[in-house]
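Next come the chains, spelled out residue by residue.
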Amino acid sequence: MTVFTVKQDASQRGKCYLPDIPNGVRITSPFSAGATLLPLTPENDYTPEVLICGGSTFSDNGDTSAVDSQFPASDQCSRLVLTPAGIAAGWKVETMPQTRIMLELILLPDGRVVIVNGAQTGMAGYGHGFNNIGASDADHPALTPVVYDPAAPSGQRFASDGIPASVIPRMYHSTATLIPDGTIMLAGSNPNTDVSTVGVVKVVGWSHEDANSDGGVSLLAVSV
C-alpha cells in the first residue's frame, strides 16, 4: 500500500515511518501525486516541511485494469513538518481547486508553489485501464496552473486568478522545471504508445518582478 511514507535520516543511518497519507489517498505510480519540500528560511528556523498534492483513492491492492479513465483523482494536499513534534501532530490536509493526478509542484524563488500539469481523472499510463481515451488511462487534463502560498492563511492559499489555461494537455510523461532565469519550462505528454516530439514543448514564465511581488503571478505562454 502507498498510504504511508518513510523519513530517512542519513546522519543517524536510520529511518522512521511517517503517519499514513490521510483519507486513503494513494500517491505513487500509477496514482502519481506531486511533492515538494517547502522553503527552509530563518523565519521557520530552517524547519523541514513537505507538501504532497493529488493522487487517487483507488486501492492500489486492486487490479489496475479496473481503473476507469473517468475515476476522479484526489484534490487533497497534505503538509507534514519533519520534526518529532510535527510527525506526532500528523498531516495537515487542504483541498485544491480541482482534482489532479500526474501533477508537478514547482517551488518559486519567493517561496510559493506552482501546481501544474496532470489530469483530473484516471491514472498514469496507457492501455491498462478501461473506458480509455484513445489509449490513455487518464482524461480531463488539468490545464490551468494553480499557485499555492504556504505562508497565507488557511483557506486562502490557492489561487488561479489571471493565469491562462494551457492549450496542450500535460499528462503522462510530462515534466516541469524551474530554469535559472526564473521561468518554468513545461514539456512532454505521452498518453499513447511511443512518443512524438512535434509541437509538445511549451514555455511558461513570468518576470522576476512578478515572481517576487506580493501580487498575483502574470504568466506568459509561448508555443514552440
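Small disclaimer: the values here were computed from a predicted structure and weren't measured.

Asks: Whenever I open this one, the overall build of the protein confuses me. Can you help?
Replies: For the protein, the count of helices and strands is 2 helices and 16 strands. The buried share of the protein, reckoned over its 224 residues, is 45%. When the accessible area of the protein is evaluated, it comes to approximately 11,000 Å², of which 56% is carbon and sulfur surface.

Asks: Is there a simple way to think about the sheet that holds strand 3 (residues 34–37) in this case?
Replies: Strand-to-strand pairing in sheets goes through backbone hydrogen bonds, with the strands running parallel or antiparallel. One open sheet accounts for 4 strands, arranged 3-4-5-6; its pairing is antiparallel. What marks the edges here is a single partner per strand, and that holds for strand 3 and strand 6 (92–95). Looking at each pair of strands side by side, their axes are set apart by 20° on average, direction ignored. Where strand 5 (residues 76–81) and strand 6 come together, 4 bridges link them in antiparallel fashion. Within strand 6, the residue paired with Ser-78 across the bridge is Val-93.

Asks: I would appreciate a short explanation of the environment of Pro-141 in the present structure.
Replies: Counting through the fold element by element, Pro-141 comes out in strand 10 (residues 136–141). Classification of Pro-141 by relative accessible area gives partly exposed; the value is 23%. In this structure, the C-alpha to C-alpha distance between Pro-141 and Met-171, residues 30 residues apart in sequence, is 6.7 Å. Those residues in contact with Pro-141 that sit more than four places away from it in its chain are Gly-118, Ala-119, Gln-120, Pro-169 and Met-171.

Asks: When you look at the packing of aromatic side chains in this model, what are you seeing that I'm missing?
Replies: Geometrically, a pair of aromatic rings is defined through the distance of the ring centres and the angle of the planes. Enumeration over the complete set of coordinates arrives at 4 aromatic pairs. Taking 5.5 Å as the distance between ring centres and 90° as the angle between the ring planes, the aromatic pair formed by Phe-58 and Phe-71 counts as edge-to-face. Here Phe-58 is found in the loop between strand 4 (49–53) and strand 5, whereas its partner Phe-71 is found in the loop between strand 4 and strand 5, with 13 residues between them in sequence. By the ring-pair criterion, three or more aromatic residues cluster together here, those being Phe-31, Phe-58 and Phe-71.

Asks: Sorry, what's going on with unusual backbone geometry here?
Replies: Apart from glycine, the bulk of residues carry a negative phi angle, and the bulk of peptide bonds sit in the trans form. A cis geometry characterises the amide bond from Ser-29 onward to Pro-30, with omega recorded as 10°. One can find Pro-30 in the loop between strand 2 (14–17) and strand 3. In this structure, Tyr-46 is a non-glycine residue whose phi angle is positive, near 55°. One non-glycine residue with positive phi stands out, namely Met-102, at about 65°. Relative to the assigned elements, Met-102 resides in the loop between strand 6 and strand 7 (104–107).

Asks: How should the pairing of strand 14 (residues 184–188) be read in this particular structure?
Replies: Remark: a regular strand shows side chains that alternate across the two faces of the sheet. Buried residues dominate strand 14, accounting for 4 of its 5 residues. In textbook terms, the turn of a hairpin is the stretch between consecutive antiparallel strands, and for strand 13 (residues 174–178) and strand 14 this stretch comprises 5 residues, one of which, Gly-182, has a positive phi near 90°.

Asks: Explanation requested: the confidence of the model for the protein in the structure shown.
Replies: One rule of thumb: low pLDDT means the predicted coordinates there are not for detailed reading. The predicted model of the protein averages 82 in pLDDT, with 78% of residues at 70 or higher. Predicted confidence for residues 200–224 stays below pLDDT 50, and this span has 61 contacts to residues more than four positions away or in other chains.

Asks: Could you clarify how one ought to interpret a nonpolar patch on the surface in this entry?
Replies: On the surface, a cluster of nonpolar side chains totalling about 300 Å² of accessible area is made up of Leu-37, Leu-40 and Tyr-46. Examined against the element boundaries, Leu-40 turns out to sit in the loop between strand 3 and strand 4. Judged by relative accessible area, Leu-40 falls into the partly exposed class, the value being 42%.

Asks: I'm lost on the environment of Ile-87 in this one. Help?
Replies: With respect to the helices and strands, the residue Ile-87 is situated in helix 1 (residues 84–89). Using a relative accessible area of 18% as the deciding quantity, one classes Ile-87 as buried.

Asks: How should I be thinking about the environment of Thr-83 in this particular structure?
Replies: Its location among the elements puts Thr-83 in the loop between strand 5 and helix 1. Along the sequence, Thr-83 and Thr-47 sit 36 residues apart, while their C-alpha atoms lie 7.6 Å from each other. Among the polar contacts made by the side chain of Thr-83, one reaches the main-chain amide nitrogen of Gly-86 at a distance of 3.0 Å.

Conventions adopted
- Residues numbered from 1 in each chain as written.
- Predicted model: local features only at pLDDT ≥ 70, side-chain atom pairs only at ≥ 80, totals over all residues.
- Heavy atoms only, no water.
- Helix = DSSP H or I, 4+ residues; strand = E, 2+ residues; numbered from the N terminus.
- Buried < 20%, exposed > 50% of the residue type's maximum accessible area, 1.4 Å probe, protein only.
- Areas by Shrake-Rupley, 256 points an atom, 1.4 Å probe, with all protein chains shown as cover.
- Pairing = 2+ DSSP bridges.
- Axes fitted to C-alpha atoms, helices over the stretch in contact; angles between N-to-C directions.
- Contact = heavy atoms within 4.5 Å.
- Phe/Tyr/Trp six-rings, centres within 6.5 Å; stacked < 30°, edge-to-face > 60°.
- pLDDT = per-residue confidence, 0-100.
- Patch = residues over 30% accessible without salt bridge, like charges linked within 9 Å, V, L, I, M, F, W, Y side chains within 5 Å.
- Salt bridge = Lys/Arg side-chain N within 4 Å of Asp/Glu carboxyl O.
- Polar contact = N/O pair within 3.5 Å; in protein donor to acceptor, adjacent residues only side chain to side chain.

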